[in-house]
Number of protein chains: 2
Amino acid sequence: MNLRIPGPTPLPPDVLQALSRQMINHRGPEFASLIAEVTNQLKYFFQTENDLLILTGSGTGAMEASIVNTLSPGERVLAVSIGNFGDRFAEIATQFGLDVVKIGFPMGQAADPDEIARKLDADRDITTVLVTHNETSTGVTNDLEAISAVVKGRDKLLIVDGISSVGSVEVKTDAWGCDVVLSGSQKGWMAPPGLAFASLSKLAWERHANAKLPRMYWDFTAAKKYLEHGETPFTPAISVFYALQVSLQSLREEGRDEVFARHARIAKHARDRVSSLGLRLFADPKHASNTVTAFYTPEGVDSRVIAKELEEKYDTVVAVGQGAITATTMRFGHLGWVSEADIDVAADAVGKTIERLATIPAR
Amino acid sequence: MNLRIPGPTPLPPDVLQALSRQMINHRGPEFASLIAEVTNQLKYFFQTENDLLILTGSGTGAMEASIVNTLSPGERVLAVSIGNFGDRFAEIATQFGLDVVKIGFPMGQAADPDEIARKLDADRDITTVLVTHNETSTGVTNDLEAISAVVKGRDKLLIVDGISSVGSVEVKTDAWGCDVVLSGSQKGWMAPPGLAFASLSKLAWERHANAKLPRMYWDFTAAKKYLEHGETPFTPAISVFYALQVSLQSLREEGRDEVFARHARIAKHARDRVSSLGLRLFADPKHASNTVTAFYTPEGVDSRVIAKELEEKYDTVVAVGQGAITATTMRFGHLGWVSEADIDVAADAVGKTIERLATIPAR
């Protein structure tokens, strides 16, 4: 199967092999050395000296964790949304009783840092900004460095959903002053889903100390305390740790800059191939994502019809759109273990499929 | 390694093999068929026709989920505790702002259903009872059928932590009227940690409809809605599903009653072997657990000293005690993929170790 969705991603053979290691005691010395190694490798890709915590759950779990650990009921937060995952962040904040001010941008566009600045200047009660770095639903990457400059220039807490960017796209957590940065194991990390990551700055810990939202499973204090002894508070997804240990060694060997450059190169290849099929790219070209490419289906052809045929005839799995653009867009994931050849196989299959569908007379 | 802790447990070869299957689309037909099969198999072992939801997280995550999905702030709950995991359930309820009435029993003893009845009769504001079926910290199994009769006879919601019992010990979820029953993949299920399970009765869903505690990641309505389409709301721990598919097929082939009988037989063997070493069992013999056996260390010998030597000299990993009995007790896990021979290896190693430690003159 050519799995070309924006996570879960295909796993390299040595990662698959690692998954079949026998279980160990999660409170013993082998696990302590494993979590220490994986944590350090993640910090290298997060470009941070801050604490980094590994949670058992999906990326959305980490989003919930970042909110319940740093905020108090009724606190005013600015949720910046450029698509479905931005909306999700706002929804979590709303569910937990925060006073959510939402600033949205049209799907396919990036957030405008100046507009965020104006919002923050006009509404001084906002303490915290939630932002998606890479919006998986539209294939748009926000200019996190510029957004961070705006947010940190106003001394707000900055929480970044970097779930589908960190490890594949440059995120300078410390240099840019991002307080909380999140990611998930099934994205560019070449590991299965089941673990999520959160880095925390000094300011994030200060906010945490006074944050009153209820929490237990996601509590960062417990995670930090146990990590100091090479453990997690609750039983972790050990086999995903095995996978990450091996995949992070590969990524490290390849080198951070080389991994980012490869993602940029393959993303450009994906956009070129899609365009050459006569299909229109969805994202603003200035902010096109290096991990996922969204494109319009041909006029009047439902994305789900194309996706079904791709799977049945070509063993190629792509993602359809999300939310309002479910039927009219499709997406290629190109993060993690991916090469130009994988894109070619998927693009060829899309080309043949739309050609065939175009010749079917409308009923 | 002879891994003899009460979870994670050793995995059979075919389960290890299944873990190295390539990733699939969690929103595609293969996953839909996988989650349907695993859910049905789990329901057979839970002995329930109720809904059963699979969550990505540890057992403690499922405990938190059961609380935030069925209760509202300030609601009065009775937390029945016979050890560390009972205390944890009470702690989660407290963290989430519930009005927690705790009823504790001495470690090593089971809960007295009559005392629970008296408490419920004296305090009519209690709406919900939290109870541990099998207390992993002490190796005691509560009489869930009797407790359930008391609780359901008074029309309270009954939430059961069956994390280390369901699948290894009989739990008649429907026949006994248990409203919410929880378990976790790394226990008797012969799978790695990463997934947790919750069954929900009609009353549980009714309570859920009015439950005001904040939730998003753990929301049962979302989980049920997505399950109807063969999905989960957020990316699930796919490789753990692969493992469960295979391990549940094995358990199903063995047969429910046979699996429970095997656990009973091996547990008795473990107690006999420990006793024959001259070590005193911790649990009340009338309520000794079939999945974990706790026993006292020899007078003056710290459990951690024994555990260290077991690991270093005999490649045998046992659990030390928890909480107040950390130093003075140890525990054998005997759930999942376990035989009498595994117990013999561990018991022999303990025997040789305590013999050697006894001959070391005290410093």
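Throughout what follows, the structure given in this document is the object of discussion. (Residues numbered from 1 in each chain as written. Chains lettered and ligands numbered in written order. Predicted model: local features only at pLDDT ≥ 70, side-chain atom pairs only at ≥ 80, totals over all residues. Heavy atoms only, no water.)

### Comments concerning the overall build of chain A
Heads up, the rule is: Strands are runs of DSSP state E lasting at least 2 residues, helices are runs of H or I lasting at least 4, and numbering of each runs from the N terminus. When checking whether two residues touch, look at their non-hydrogen atoms; a contact exists if any pair is within 4.5 Å. Accessible surface area values rest on a Shrake-Rupley calculation with a 1.4 Å probe, where residue burial reflects the displayed protein chains alone.
From N to C terminus, chain A includes 13 helices and 13 strands. In terms of overall dimensions, chain A has C-alpha extents of about 65 × 55 × 35 Å along its principal axes. For chain A, the proportion of contacts with a sequence separation of at least 24, taken over those separated by at least 6, is 73%. Summed over its atoms, the accessible surface of chain A is roughly 12,700 Å², and 50% of this surface lies on carbon and sulfur atoms.

### Description of unusual backbone geometry
A negative phi holds for most residues other than glycine; trans holds for most peptide bonds. All names here are of chain A. The peptide bond linking G7 to P8 adopts the cis configuration, its omega dihedral lying at -5°. For P8, the location among the structural elements is in the loop between β1 (2-4) and α1 (13-19). At D155, a residue that is not glycine, the phi angle is positive and equals roughly 60°. Tracing the sequence through the fold places D155 in the loop between α6 (144-152) and β8 (157-161).

### Re the pairing of strand β3 (residues 76-81) of chain A
Each regular strand carries side chains that alternate between the two faces of the sheet. Residue and element names in this part refer to chain A. Filter applied, for reference: To sort residues, take the accessible area from a 1.4 Å probe on protein chains only and compare it with the maximum for the residue type: under 20% means buried, over 50% means exposed, and anything in between is partly exposed. When DSSP finds two or more bridges between a pair of strands, those strands are recorded as paired. Here a crossover is taken to be right-handed if, once the strands point away from the viewer, the path from the first strand over the helix to the second is traced clockwise.
Burial within β3 is extensive, with five of its six residues counted as buried. In terms of strand pairing, β3 meets strand β4 (residues 99-104) through six bridges, oriented parallel. By the bridge assignment for β4, L78 is matched with V101. Between the parallel elements β3 and β4, the chain passes through helix α4 (residues 84-95) in a crossover that is right-handed. As judged from the four bridges shared by β3 and strand β5 (residues 128-132), these two strands associate in the parallel manner. Paired with V80 across the strands is V131, a residue of β5.

### A word on empty space enclosed by the protein
In this approach the atoms are scanned with a rolling probe the size of a water molecule, which exposes any empty space left behind. All names here are of chain B. Note the following rule: Cavities and pockets were defined on a 1 Å grid built from protein atoms only: a cavity is a group of points that admits a 1.4 Å probe but offers it no way out, a pocket is an open group of points flanked by protein on both sides within 12 Å along at least five of seven lines, and a lining residue is one with an atom within 4 Å of any such point. Grid points are joined across faces, edges and corners, and a volume is the space filled by probe spheres set on the points.
Under the counting rule described, the total for this entry stands at four cavities of 30 Å³ or more. Counted as a void, the largest cavity has a volume near 170 Å³. Lining the largest cavity are 19 residues, and of these I54, L55, T56, T232 and P233 sit closest to its centre. Within the residue set of the lining of the largest cavity, elements represented by two or more residues are α2 (29-46), β2 (51-56) and α8 (220-227). A per-element tally of the lining of the largest cavity places β2 first, with five residues.

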